[in-house]
Amino acid sequence: MRRRSPQEKKRLSYLKDRRNVYGENQKSSRKNIPRARRARHHALRRGEQLALERLRAFGGALDDSQVRFGRRGTGQWRKSADRPLGEVVTHRLERRTGPGDEAPPRVQEQVRRVRRRRG
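Residues numbered from 1 in each chain as written. Predicted model: local features only at pLDDT ≥ 70, side-chain atom pairs only at ≥ 80, totals over all residues. Heavy atoms only, no water.

Even after reading the chapter, I still don't get the overall build of the chain, so can you show me in this structure?
Broken down by element type, the chain carries five helices and two strands. Order of helices (α) and strands (β) in the chain, N terminus to C terminus: α-β-α-α-β-α-α. In the chain, which comprises 119 residues, the share counted as buried stands at 17%. Sequence separation of at least 24 residues holds for 61% of the intrachain contacts in the chain that already meet a minimum separation of 6. Here the chain displays about 10200 Å² of accessible surface, and carbon together with sulfur accounts for 49% of that area. (Helix = DSSP H or I, 4+ residues; strand = E, 2+ residues; numbered from the N terminus. Buried < 20%, exposed > 50% of the residue type's maximum accessible area, 1.4 Å probe, protein only. Contact = heavy atoms within 4.5 Å. Areas by Shrake-Rupley, 256 points an atom, 1.4 Å probe, with all protein chains shown as cover.)

Explanation requested: the pattern of salt bridges in the structure shown.
Proximity of charged atoms lets side chains of opposite charge pair with each other. Inspection of every chain in the model, using the stated rule, returns four salt bridges. For Arg2, the salt bridge goes to Glu8, with nearest N and O atoms at 2.9 Å. Residue Glu109 pairs with Arg112 through a salt bridge whose shortest N-O separation is 3.0 Å. A residue pair is termed a helical-turn pair when its members lie 3 or 4 positions apart in one helix, as Glu109 and Arg112 do in helix α5 (residues 105-118) at three residues. You can call Glu109 partly exposed: its relative accessible area is 30%. Relative accessible area serves as the criterion here: at 47%, Arg112 is assigned to the partly exposed category. Salt bridges here are not isolated pairs; linked through shared partners, they connect Arg2, Arg4 and Glu8. (Salt bridge = Lys/Arg side-chain N within 4 Å of Asp/Glu carboxyl O.)

Any chance you could explain the environment of Asp82 here in plain terms?
The topology assignment puts Asp82 in the loop between α3 (64-69) and β2 (83-84). For Asp82 and Val21, which are 61 residues apart along the polypeptide, the C-alpha to C-alpha distance reads 6.5 Å. Beyond its immediate chain neighbours, meaning those up to four positions away, Asp82 contacts Arg18, Arg19 and Asn20.

I'm lost on the nonpolar core in this one. Help?
Generally speaking, nonpolar side chains in soluble globular proteins are found buried as a group. Residues Tyr14, Leu85, Leu93, Ala103, Val107, Val111 and Val114 constitute the largest nonpolar core, which totals seven residues. Mapped onto this core, the elements with two or more residues apiece are α4 (85-95) and α5. Tallying contributions element by element places α5 first for this core, with three residues. In contact with Leu93, not counting residues within four places along its chain, are Val107, Gln110, Val111 and Val114. (Core = buried A, V, L, I, M, F, W, Y, C linked by side-chain atoms within 4.5 Å.)

What is the right way to read the side chain of Gln110 from this model?
The residue Gln110 is located in helix α5 in this model. Judged by relative accessible area, which is 18%, Gln110 ranks as buried. Here Gln110 is in contact with Leu93 and Arg96, once residues within four sequence places are set aside.

Would you mind showing me how to read the packing of α4 against α5 here?
Relative placement of two packed helices is described by the angle separating their axes and the distance separating the axes. In contact at an axis separation of 10 Å, α4 and α5 are set at 170° when each is read in the N-to-C sense. Taken together, the axes of α4 and α5 lie roughly antiparallel to each other. Here Gly86, Glu87, Val89, Thr90, Leu93 and Glu94 of α4 lie close against α5, whose contacting residues are Val107, Gln110, Val111, Val114, Arg115 and Arg118. Grouping the constituent residues of the contact of α4 with α5 by class yields five nonpolar, three polar and four charged. (Axes fitted to C-alpha atoms, helices over the stretch in contact; angles between N-to-C directions. Parallel < 35°, antiparallel > 145°, perpendicular 65-115°, else oblique. Nonpolar A, V, L, I, M, F, W, Y, C, P; charged D, E, K, R; others polar.)

The following block contains the structure:
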């Protein structure tokens, strides 16, 4: 493995490193992602149980596997990918100036530098 220059490391960092921009605390995502999956699966299992109970109450003779194929999906919650670090840094630099304001030359130069390093 060859050595990388600091400039190459920086460029790769802007391209490959990711940042959470979902809008909630990063630590809460660690808890909320499994919680959302758990709730969805719980709802599916509960629906199957209710269907089986109704069948048994009316004398139906279906087993669990036949009920499972008839289940509906619940809400469509999906994980979203984090943004590349280069995009996040560029957005933050541009946001500092405020809406409608001309960015100071220093900020413009920083944005150009980040974009150039991203490739």
